[in-house]
Amino acid sequence: MTQKAFAIFMIVGIGLLLATVVYPATMLTAKCFESMPEGTTTAIDDARDTTGGFASSLFLRSAGLAALGATAACVFALPGIRLVGGTVNARQFGLATSLIIAPLVLPPIVIGLGVRSWIRGVSEIRCVIVWGLWCWPIAALLVGGAWARRGHQLYEVALLHGGKFKAFKSVLGSVLVRPIVGVWMLMFALFLGDYSVPHSCDMIAYATALLSEATSSPYPVATVIAGFPLLAPMLVAVVVAYLVGGRAEASDQDEPTKAQAGFPRVTFALVLAMITVSTLLPTYGLIRNIALIKAIATTWELYRSDIAYSLATAFIAGLMIVWMGICVTAIAPIRRIAPLLVLVWAVVPGALVGQAVVAAYLPFDVIYSHWMLTVIGYVARFGWIGVLLAYVVVKQSDEATMGAAMVDGASTGFATCRVTFANHWPTMCAGVLIATAMSLAEIATTTLVRVPVFSPVSLVLIEKFHRFEDDILAAICILLLVVACPGIAIFSLASRWGR
Amino acid sequence: MNRRLPEQFRRVFQSVTRLALILPVCLAMIAGCKQNGDAHNEVVAMFGSLGLGPGQFSYPRALTVDSQNRIFVVDKSARIQRFSPEGTFQLGWSMPERVAGKPVGLYAHTDGKIYVPDTHYHRVMVFDPDGHELARFGREGYGDGEFQLPTDVAIDKQGFIYVSEYNGNDRVTKWSPSYEFVSVVCAGEIDGEVMRRPAAMDIDKDGTLWVADACNHRILHFDLNGRFLSSWGEMGGEPGQLRYPYDIDCLDDGTILVCEFGNHRLQWFDREGNSIRIWGEQGRGKGELWAPWGAVVGSDGRVCVVDSLNARVQILEK
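Computed from a predicted model, the values in this text were never measured in an experiment. Sequence order as written defines the numbering, with residues in each chain counted from 1. To read the labels, note that chains go from A and ligands from 1, taken in the order they are written. Predicted model: local features are reported for residues with pLDDT of at least 70 only, side-chain atom pairs are reported and counted for 80 or more only, and whole-chain, interface and lining totals are derived from all residues. Side-chain measures were taken over the full set of non-hydrogen atoms in the model, leaving aside hydrogen atoms and water.

### Some details on the overall build of chain B
Move 1: Secondary structure elements follow DSSP: runs of H or I of four or more residues count as helices, runs of E of two or more count as strands, with numbering from the N terminus. Across its full length, chain B carries 1 helix and 28 strands.
Move 2: For every residue, the accessible area (1.4 Å probe, protein chains only) is compared with the maximum for its type, and the residue is labelled buried under 20%, exposed over 50%, or partly exposed between those bounds. In chain B, which comprises 318 residues, the share counted as buried stands at 60%.
Move 3: Counted over contacts in chain B with a minimum sequence separation of 6, partners at least 24 positions apart contribute 43%. Contacts: residue pairs with any heavy atoms within 4.5 Å of one another.

In structure tokens form, the structure reads like this:
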């Protein structure tokens, strides 16, 4: 890559950031200063008139369920924490990551619909279980990683002075509490703003009401006002998670000691069981009572144009997401705040993201009615994946090679792109595919940025859910799963190769 | 570990990336290929916009026209709004309960009553044209006198009421003018396929019942005792084919108007299922439709179609 090509690369990448994030966010903020005509009814007002206090009770219920979901995820993560915590080096950590990452990348609505096929009724319990099954890998990786980095060393030292329980208790307080709190807060924020899992569990959550507001009002300010009770605690939670997690990481700078080599068999079996329950069992539940081949054929016949468009727009968005992430992270000042940026970005509800994109591009019909609007929506929603991936790759960069490149006259950004990312192209590739899969399954944002040209498969899925067309619903879920698999596979391989 | 494997992956990735960069050009060309039509010239009126205020809609899903050609529209905020024949807002009212869900059907009888299948409350509600509740009947269940997600209402010349429903209870039931259950008209397997989501019905001038079997992409024809007469339609987008027919209206000249949610169009058929005319294409502009849920022909011959995702109603000339 020449300097000129690098410059073009960076300009396009930063342009993507401006077009998909900065401009929509600016326009949404500007719209908030436009007052609504007097007497305008909003969806939240309408709900309040109906059931008196609907919005506040719905918020409290959603927050309570999110808290339970975060707790469930931490509990489900125990075998994974043990597994990850027992890793001795980066390669083993990569192996453990590659094993447990699958539930995280699978569309949560697929897990939700799969669990629904096994358990009917008790919507709230199902919702908590599905959230737990979806996000336990986060707790496993972060808490287990903290144990692997420092906890094990302290535990062995503490064993010299007392029994196992006392030793564990001392390590828990000094090493694990912060990551646990941080992870819990992060998942609480994630679940509070989630739309798809409550929907798949036949439930109305506050995120549902927020999307209803966004789809029924021509005034973005109404959506922002409705979204504020949701966004405020979510931002507080992620800031706390970042502060707590940041301090935990800062204190884990020592090299890990030699822990036991290989994964303990019982732990490994438990982790496999968790992965089976999180992924294979829901999948089997979806397909066990239907003629799958016929359902796939019918779905293809009915929706092949929509499927093609959906895959194409999601893939283009995936490319843009990683491109943008590389360029953003190549800028040193942004790279320093990347973790916080990722956390805040990831938890913004899809309805607000979609509303921002609509507010930005509604005046431009050439974009507003074009499939590019959907791509922009996907990039705005999942751009944080690109930034996160690029940040992780940069952290693993070979400093010697980077230093040599800079001595030869390369700028930091050029060296970062040319040296670091080029050597981690499998991870970048996996990032494109993971972002594609997540875009394809996104519902809230897509509802707002859909265009007449095609029906995104995630919305077709919701339509089939409401029409009780279980055969097509299962076929689309399989499609979403199949699209997610290459990303998981390549990420796993990349983790094992250390690239 | 085979060290050549990463290199092979890199070549594949580069090829895929090049292909992906060509894709937008191809897609843009496909998206730009639109048939130019003169559908917009046939639209005589268009009203509604997104919102929850008077004259605004939030995903309207059904409409009906009364004997004075006043237009009633129900949307996803569970409001029923009445408009003049020209589309001027007159009044509106809300369903008494709407947290669980909102109605997907409307029917205006010649006596002025407005029948609303209150879908997620498993009942039918009856209002006068000013929105005052007159009656309600039905309860949740799968048995006689019970409903599972009712979708539409039709009434014959004797005043008997026919109600279609789905959610595992896909059938049409018959009720007396005093709202008492009479019988099941049709259910289960019909002409080789189990009925799936009878989304709409109408009774023609000969007194026979037409049902839009939406998820089977076909139209069913019965007499009022439930005797099967004929069926036609198959899944597709060509003339004569159907994709999720969500509404049906029997015209005085014997033609059948079908509103196709999946094909974003209206299609007229003769009684044998031969396509006579097609109107509409997918889009946001005038003369275009986006996931229309309902269409009805008024006594003045004008066609009113609820253009759901565009949050509006379009009125076509005769």
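After that view of the structure, there is still more to cover.
### Details of the overall build of chain A
Move 1: On a plain count of helices and strands, chain A comes out with 25 helices and 0 strands.
Move 2: If you take every contact in chain A between residues at least 6 apart in sequence, the share linking residues at least 24 apart comes to 83%.
Move 3: To be clear on the numbers: accessible area is Shrake-Rupley with a 1.4 Å probe, and residue cover counts the displayed protein chains and nothing else. As displayed, chain A has an accessible area near 19,800 Å², and 68% of this comes from carbon and sulfur atoms.

### Some remarks on the nonpolar core
Move 1: Buried Ala, Val, Leu, Ile, Met, Phe, Trp, Tyr and Cys residues form a nonpolar core when they are joined through side-chain atoms within 4.5 Å. Ile100 and Met187 of chain A together with Ile71 of chain B are the most contacted members of the largest nonpolar core, which has 189 residues in total.
Move 2: When near neighbours in sequence (up to four residues on either side) are disregarded, Ile71 of chain B contacts Phe47, Leu63, Thr64, Val65, Gln81, Arg82, Phe83, Ser84, Pro85, Cys304 and Ile315 of chain B.

### Side note on the packing of helix H16 (residues 338-347) of chain A against helix H19 (residues 372-395) of chain A
Residue and element names in this part refer to chain A.
Move 1: Orientation of H16 relative to H19, taken along the N-to-C sense of each, is 155°, at an axis distance of 9 Å. On the basis of their axis angle, the class for H16 and H19 is roughly antiparallel. Viewed along their axes, H16 and H19 form a crossing whose handedness is left-handed. Every residue of H19 that contacts H16 at Ala338, Pro339, Leu341, Val342, Trp345 and Ala346 is listed here: Val379, Ala380, Arg381, Gly383, Trp384, Val387, Leu388 and Tyr391. Where helices are involved, their axes are fitted lines through C-alpha atoms of the stretch in contact, as for all axes, and angles between N-to-C directions lie from 0 to 180°. If an angle is under 35 degrees, it is roughly parallel; if it is over 145, roughly antiparallel; if it lies from 65 to 115, roughly perpendicular; otherwise it is oblique. Handedness of a helix crossing follows the sense of rotation of the near helix relative to the far helix, less than a right angle counterclockwise being left-handed and clockwise being right-handed.

### Looking at the sheet that holds strand E26 (residues 294-297) of chain B
All names here are of chain B.
Move 1: Strand pairing is assigned whenever DSSP identifies at least 2 bridges connecting the two strands. The 4 strands lie next to each other as E1-E28-E27-E26, forming an open sheet whose pairing is antiparallel. Here the strands that pair on one side only, and so sit at the sheet edges, are strand E1 (43-47) and E26. Shown here is a sheet whose adjacent strand axes are inclined to one another by a mean of 15°, direction ignored.
Move 2: Note that E1 and strand E28 (residues 312-316) share 4 bridges and pair antiparallel. Paired with Ala45 across the two strands is Ile315, which belongs to E28.

### Quick notes on the domain arrangement of chain A
Residue and element names in this part refer to chain A.
Move 1: Either an automatic procedure or a domain database provided the assignment from which the domain bounds are taken. By the assigned domains, chain A splits into domain 1 (1-33 + 291-499) and domain 2 (53-289).
Move 2: The interface of domain 1 with domain 2 comprises 40 residues on the first partner and 44 residues on the second.
Move 3: Here the quantity called buried area is the total loss of accessible area, with a 1.4 Å probe, experienced by two parts when brought into contact, counted for both. Across the interface of domain 1 and domain 2, roughly 3,700 Å² is buried in total on both sides, 82% from carbon and sulfur atoms.
Move 4: Each salt bridge in this description consists of a side-chain nitrogen of Lys or Arg and a carboxyl oxygen of Asp or Glu lying within 4 Å of one another. Seen at the junction of domain 1 and domain 2, the total is 0 salt bridges.
Move 5: N or O atoms within 3.5 Å of each other form a polar contact, as long as, within protein, one can give a hydrogen and the other can take it, and as long as residues adjacent in sequence are counted only when both atoms are side-chain atoms. Here domain 1 is connected to domain 2 by 2 residue pairs in polar contact (both at pLDDT 80 or more).

### Observations concerning the pattern of salt bridges
All names here are of chain B.
Move 1: For the structure on display, the rule yields 24 salt bridges over all chains.
Move 2: The partner of Glu260 in a salt bridge is Arg265, and the shortest N-O contact between them spans 2.7 Å. Comparing Glu260 with Arg265, the two get one shared label, buried.

### What to know about a nonpolar patch on the surface
Residue and element names in this part refer to chain A.
Move 1: Side chains of Trp118, Ile119, Val122, Ile125, Val277, Leu281 and Tyr284 sit close together on the surface and give an oily, nonpolar patch of about 620 Å² of accessible area.
Move 2: Ranked by the residues each element gives to the nonpolar patch, the list is headed by helix H13 (residues 265-287), at 3 residues.
Move 3: As for its placement among the helices and strands, Leu281 is situated in helix H13.
Move 4: Of the residues examined, Leu281 reaches a relative accessible area of 37% and is grouped as partly exposed. Residues enter a patch when their relative accessible area is above 30% and they make no salt bridge; the linking distance is 9 Å between like charges and 5 Å between nonpolar side chains (Val, Leu, Ile, Met, Phe, Trp, Tyr).

### A look at the environment of Thr446 of chain A
Residue and element names in this part refer to chain A.
Move 1: Looking at the secondary structure, you find Thr446 in helix H23 (residues 444-449).
Move 2: In this structure Thr446 comes out as buried when scored by relative accessible area, which is 0%.
Move 3: Spatially, the C-alpha atom of Thr446 lies 18 Å from that of Leu433, the residues being 13 residues apart in sequence.
Move 4: Beyond its immediate chain neighbours, meaning those up to four positions away, Thr446 contacts Tyr378, Ser439, Pro456, Ser458 and Leu459.

### Considering the pairing of strand E2 (residues 62-65) of chain B
Residues and elements named next belong to chain B.
Move 1: Where burial is concerned, the two faces of E2 agree: the one with Ala62 and Thr64 and the one with Leu63 and Val65 are both buried.
Move 2: As judged from the 4 bridges shared by E2 and strand E3 (residues 71-74), these two strands associate in the antiparallel manner. Looking at the pairing, Leu63 lines up with Val73 of E3.

### A word on the packing of aromatic side chains
Residues and elements named next belong to chain B.
Move 1: Centres within 6.5 Å make a pair out of two Phe, Tyr or Trp rings, where for Trp the six-membered ring is used; the pair is then stacked when the planes are under 30 degrees apart, edge-to-face when over 60, and tilted otherwise. Scanning the entire structure with this criterion turns up 29 aromatic pairs over all chains.
Move 2: Each ring, one from Tyr246 and one from Trp293, has its centre 4.7 Å from the other, and the planes form 65°; the classification is edge-to-face. Highlighted residues: Tyr246 in strand E22 (residues 245-250) and Trp293 in the loop between strand E25 (275-279) and E26, separated in sequence by 47 residues.
Move 3: Overall, the relative accessible area of 4% leaves Tyr246 in the buried class.
Move 4: Classification of Trp293 by relative accessible area gives buried; the value is 4%.
Move 5: Ring pairs connect the aromatic residues Phe137, Phe147, Trp175, Tyr179 and Phe181, which therefore count as one cluster.
Move 6: Both a distance and an angle decide whether a charge sits over a ring: NZ of Lys or CZ of Arg must be within 6 Å of the ring centre and within 35 degrees of the ring normal. The aromatic ring of Tyr166 is capped on one face by Arg197, whose charged end is 4.4 Å from the ring centroid.

### Here's the deal with the side chain of Arg197 of chain B
Move 1: One can find Arg197 of chain B in the loop between strand E17 (193-194) and strand E18 (198-203).
Move 2: For the purpose of charge, His is not counted, nor are the chain termini; Lys and Arg are scored as positive and Asp and Glu as negative. With no salt bridge to any partner, buried Arg197 of chain B finds its closest opposite charge in Glu469 of chain A, at an N-O distance of 6.9 Å.
Move 3: For Arg197 of chain B, the side chain forms a polar contact with the side chain of Tyr166 of chain B, separated by 2.9 Å.

### A few points about the state of the cysteines
Residues and elements named next belong to chain A.
Move 1: Any two cysteine sulfur atoms lying within 2.5 Å of each other are counted as a disulfide. For the structure shown, the criterion picks out 0 disulfides over all chains.
Move 2: For Cys477, which is in no disulfide, the shortest distance to another cysteine sulfur is to Cys201 and amounts to 13 Å.
Move 3: Under the relative-accessibility criterion, Cys477 is labelled buried at 0%.

### Here we look at unusual backbone geometry
Working note: non-glycine residues mostly have negative phi, and peptide bonds are mostly trans.
All names here are of chain B.
Move 1: Even without being a glycine, Tyr59 presents a positive backbone phi close to 55°.
Move 2: By secondary structure assignment, the location of Tyr59 is in the loop between E1 and E2.
Move 3: If you check the backbone angles, Asn69 has positive phi at about 65° while not being a glycine.
Move 4: Among the secondary structure elements, Asn69 is positioned in the loop between E2 and E3.

### With respect to the environment of Gly285 of chain B
Residues and elements named next belong to chain B.
Move 1: Residue position: Gly285 is located in the loop between E25 and E26.
Move 2: Judged by relative accessible area, which is 28%, Gly285 ranks as partly exposed.
Move 3: Between the C-alpha atom of Gly285 and that of Pro245, which follows or precedes it by 40 residues, the distance is 22 Å.
Move 4: Leave out the neighbours within four places in its chain, and Gly285 touches Arg312 and Gln314.

### Let's talk about the pairing of strand E19 (residues 208-213) of chain B
All names here are of chain B.
Move 1: Within E19, 6 of the 6 residues are buried, leaving the element largely enclosed by the surrounding structure.
Move 2: Side chains Thr208, Trp210 and Ala212 of E19 all project onto a buried face; the interleaved residues Leu209, Val211 and Asp213 project onto the opposite face, where all are buried too.
Move 3: Where E18 lies against E19, 5 bridges are found, and the strand directions are antiparallel. Each residue of the ladder has a partner; that of Ile203, found in E19, is Leu209.
Move 4: Between the antiparallel neighbours E18 and E19 lie 4 residues, among them Gly207 with a positive phi of about 80°.
Move 5: Between E19 and strand E20 (residues 218-223), which pair antiparallel in sequence order, lie 4 residues; one of them, His217, sits at a positive phi of approximately 55°.

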